[in-house]
Amino acid sequence: MTIDKNWGLSTLCVHAGVEPEPITGAIMTPIFQTSTYVQAAPGEHKGYDYSRAGNPTRTALEASLAALEGAAHAITFATGMAAETAIAQILDPPTHVLLSQDAYGGTGRLFRRLFAKYGIEPEFIDLRDLDLVASRLSERTQLLWAETPTNPLMQIVDIEGLSRLAHRFGTKVVVDNTFCSPILQNPLALGADLVVHSSTKYIGGHSDLLGGVVMTNDDELAEKVRFVQFAAGAVSSPFECFLMLRSIKTLALRMERHCANALAFARALEEMEGIEKVLYPGLESHPQHALAKKQMKGFSGIVSAYLPADMERVSRFLSKLRIFVVAESLGGVESLVDHPEVMTHASVPPELREELGINAGLLRFSVGIEDVRDLIADVRQALP
Ligand SMILES: *Cc1c(COP(=O)(O)O)cnc(C)c1O
């Protein structure tokens with residue numbers, strides 16, 4: 001279907017990238033579960049020759065995601081980490097990479113433990129501080145890696161400000177947009193060069209698949225990432241692409257409910273005795289609420305909160321929850337709660353964890369699409 005530039009995101013979610021299948025008219029893109037394609041003569045094919053290089057189910061998914069993010073190119077991968085790896089693989093070492101000190105735990109691990117061996121020198125700093133960023137950028141810095149809101153502390157970094165600074169040094173800017181999905185924030189429009197998502201989270205939305213995507217408007221960067229996808233081979237499978245396409249139909253609708261639920265949940269938590277502090281960019285009490293309002297269309301579904309930093313007490317609270325279940329990951333229709341210190345952020349160096357405030361009392365709630373009064377009541381009954 002030819003996309004109309006004026007269509008809203010809900011319309012794009014349902015229609016972008018998806019064509020009726022030409023032979024049967026099937027309205028849904030089939031799962032093209034094939035590794036290869038018959039050629040009429042050597043080199044004479046219909047645009048597909050081998051599924052690592054291209055697959056029609058993946059093509060539809062990539063077109064759909066690109067339309068949602070407002071990107072010229074989308075390249076999908078088996079996982080979010082595979083997508084992140086592809087970005088690192090387009091760098092030309094030796095190089096310096098600046099990253100958010102509060103980046104996703106797996107991103108930190110990837111750069112500290114894997115890429116540091118290949119001449120990519122990571123430096124983790126507070127990207128909220130633009131003067132600090134300016135003092136650390138140099139011509140050696142090929143990449144600046146931002147994530148906003150950050151995980152689990154919900155810090156907001158200024159995508160526009162960072163991009164302007166970085167471009168003075170020829171540094172490319174990538175934003176991990178996982179927490180927002182393409183519905184709530186579009187970093188490319190704010191000056192970023194690349195966007196990466198773990199589509200395992202909101203885009204997939206049902207806790208039943210893994211996926212990642214890199215998007216850009218820069219033809220040269222896209223060609224490099226596409227080459228890594230083909231050469232290194234961490235492609236998304238036809239079945240995962242099909243599930244993802246199915247998920248995207250309801251993405252705008254789900255994000256609307258995630259946002260509304262999370263805001264009501266965060267406000268209720270702020271009033272509860274036994275909760276010391278609530279971190280949610282949609283709250284007026286968030287120190288960067290104004291910046292969040294400026295660059296996000298909604299504040300998404302992740303709410304972090306501090307209970308007293310007493311592991312025994314926190315464990316008792318978690319065991320009493322009935323709707324929220326303790327699990328890693330986020331962005332699914334069901335509500336989850338994570339204990340970052342022990343679970344998702346265990347690989348962050350302990351000194352840095354302490355400095356950031358990731359302690360025994362911190363919990364990260366992924367607020368699902370249930371009835372929010374039930375979610376609020378669940379927390380209330382579990383508190384002492
Ligand atoms: C989960 C996550 C990733 C990693 O994605 P996988 O699909 O688990 O490989 C990267 N960034 C953020 C912000 C995430 O939440």
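Residues numbered from 1 in each chain as written. Predicted model: local features only at pLDDT ≥ 70, side-chain atom pairs only at ≥ 80, totals over all residues. Heavy atoms only, no water.

1. Considerations on the overall build of the protein chain
And step 1. When helices and strands are tallied, the protein chain shows 14 helices and 12 strands.
And step 2. In terms of C-alpha radius of gyration, the protein chain reaches 21 Å, essentially the compact-globule figure of 21 Å for 384 residues.
And step 3. C-alpha extents for the protein chain along the principal axes are approximately 70 × 50 × 35 Å.
And step 4. With 384 residues in all, the protein chain has 55% of them scored as buried.
And step 5. A fraction of 72% describes how many contacts in the protein chain between residues 6 or more apart in sequence connect residues 24 or more apart.
And step 6. Carbon and sulfur atoms form 54% of the exposed surface of the protein chain, whose accessible area is close to 16600 Å². (Helix = DSSP H or I, 4+ residues; strand = E, 2+ residues; numbered from the N terminus. Rg over C-alpha atoms; globule rule 2.2 N^0.38 Å. Buried < 20%, exposed > 50% of the residue type's maximum accessible area, 1.4 Å probe, protein only. Contact = heavy atoms within 4.5 Å. Areas by Shrake-Rupley, 256 points an atom, 1.4 Å probe, with all protein chains shown as cover.)

2. Thoughts on the sheet that holds strand β11 (residues 336–338)
And step 1. As summarised here, the arrangement of the 5 strands in space is β8-β9-β12-β11-β10, forming an open sheet in which the pairing is mixed. In the strand order of this sheet, the two ends are held by β8 (277–279) and β10 (325–326), each with one partner.
And step 2. Relative to strand β12 (residues 362–366), helix α12 (residues 311–320) is tilted by about 20°, and along the sheet it contacts β10, β11 and β12. (Pairing = 2+ DSSP bridges. Axes fitted to C-alpha atoms, helices over the stretch in contact; angles between N-to-C directions.)

3. Points about helix α8 (residues 219–232)
And step 1. The terminal C-alpha atoms of α8 lie 20 Å apart, and with 14 residues this matches the ideal 20 Å at 1.5 Å per residue to within 8%.
And step 2. On its buried face, α8 is in contact with α2 (56–69), β1 (73–77), α3 (80–88), β5 (172–176), β6 (194–198) and β7 (212–216).
And step 3. A distance of 2.9 Å separates the backbone nitrogen of E220 from a side-chain oxygen at the start of α8, and that oxygen is part of D218.
And step 4. Positive backbone phi, at 90°, marks G233, one or two positions downstream of α8. (Expected span 1.5 Å × (residues − 1). Polar contact = N/O pair within 3.5 Å; in protein donor to acceptor, adjacent residues only side chain to side chain.)

4. A closer look at the packing of aromatic side chains
And step 1. Counting across every chain of the model gives 7 aromatic pairs.
And step 2. Between F111 and W145 the ring centres are 5.4 Å apart and the planes differ by 70°, which places this aromatic pair in the edge-to-face class. Within this pair, whereas F111 is found in helix α4 (residues 105–114), its partner W145 is found in strand β4 (residues 141–147), the two being separated by 34 residues in sequence. Assigned by exposure class, F111 and W145 land together as buried.
And step 3. Ring centres 5.3 Å apart and planes at 65° place the aromatic pair F265 and F365 in the edge-to-face group. (Phe/Tyr/Trp six-rings, centres within 6.5 Å; stacked < 30°, edge-to-face > 60°.)

5. Regarding the pairing of β1
And step 1. Of all the 5 residues making up β1, 4 are buried; the element is thus mostly covered by neighbouring parts of the structure.
And step 2. Inspection of the sheet shows β1 paired to β7 by 5 bridges, in the antiparallel sense. From the neighbouring strand, H73 faces β7, where its bridge partner is T216.

6. Quick look at the environment of L162
And step 1. Looking at the element boundaries, L162 is found in helix α6 (residues 159–167).
And step 2. For L162, a relative accessible area of 1% corresponds to the buried category.
And step 3. Sequence spacing of L162 and L144 is 18 residues, and the spatial spacing of their C-alpha atoms is 8.5 Å.
And step 4. Residues in contact with L162, not counting those within four places in the same chain, are L127, L130, V133, L144, A146, V157 and V173.

7. Looking at the site of the ligand
And step 1. What surrounds the ligand is the set T79, G80, M81, E84, Y104, E147, D176, T178, S198, T200, K201 and G211.
And step 2. A distance of 2.9 Å separates an oxygen atom of the ligand from a polar backbone atom of G80.
And step 3. The separation between an oxygen atom of the ligand and a polar side-chain atom of T200 is 2.6 Å.
And step 4. Counting residues per element, the shell around the ligand draws most heavily on α3, at 3 residues.
And step 5. In terms of residue class, the shell around the ligand is built from 2 nonpolar, 6 polar and 4 charged. (Near = heavy atom within 4 Å. Nonpolar A, V, L, I, M, F, W, Y, C, P; charged D, E, K, R; others polar.)

8. Things to note about the side chain of S199
And step 1. Mapped onto the elements, S199 comes out in the loop between β6 and β7.
And step 2. Here S199 falls in the buried class, since its relative accessible area comes to 2%.
And step 3. A polar contact is formed between the side chain of S199 and the backbone nitrogen of G212, at a distance of 3.2 Å.
And step 4. The contact partners of S199, leaving out residues within four places of it in the chain, are G204, L209, G211, G212, V213 and M244.

9. Digging into the nonpolar core
And step 1. Counting residues in each nonpolar core, the largest one holds 74 residues, and the members touching the most others are F265, L269, V303, F317, F365 and V379.
And step 2. The biggest single contributor to this core is helix α10 (residues 251–270), with 9 residues.
And step 3. Both domains that meet at this core, namely domain 1 (9–248) and domain 2 (254–382), each give it at least three residues.
And step 4. In contact with L269, not counting residues within four places along its chain, are I275, V278, V303, A305, F365 and V379.
And step 5. Grouped together as the second largest cluster of nonpolar side chains are 26 residues, I90, L143, L221 and A222 included. (Core = buried A, V, L, I, M, F, W, Y, C linked by side-chain atoms within 4.5 Å. Domains from an automatic or database assignment.)

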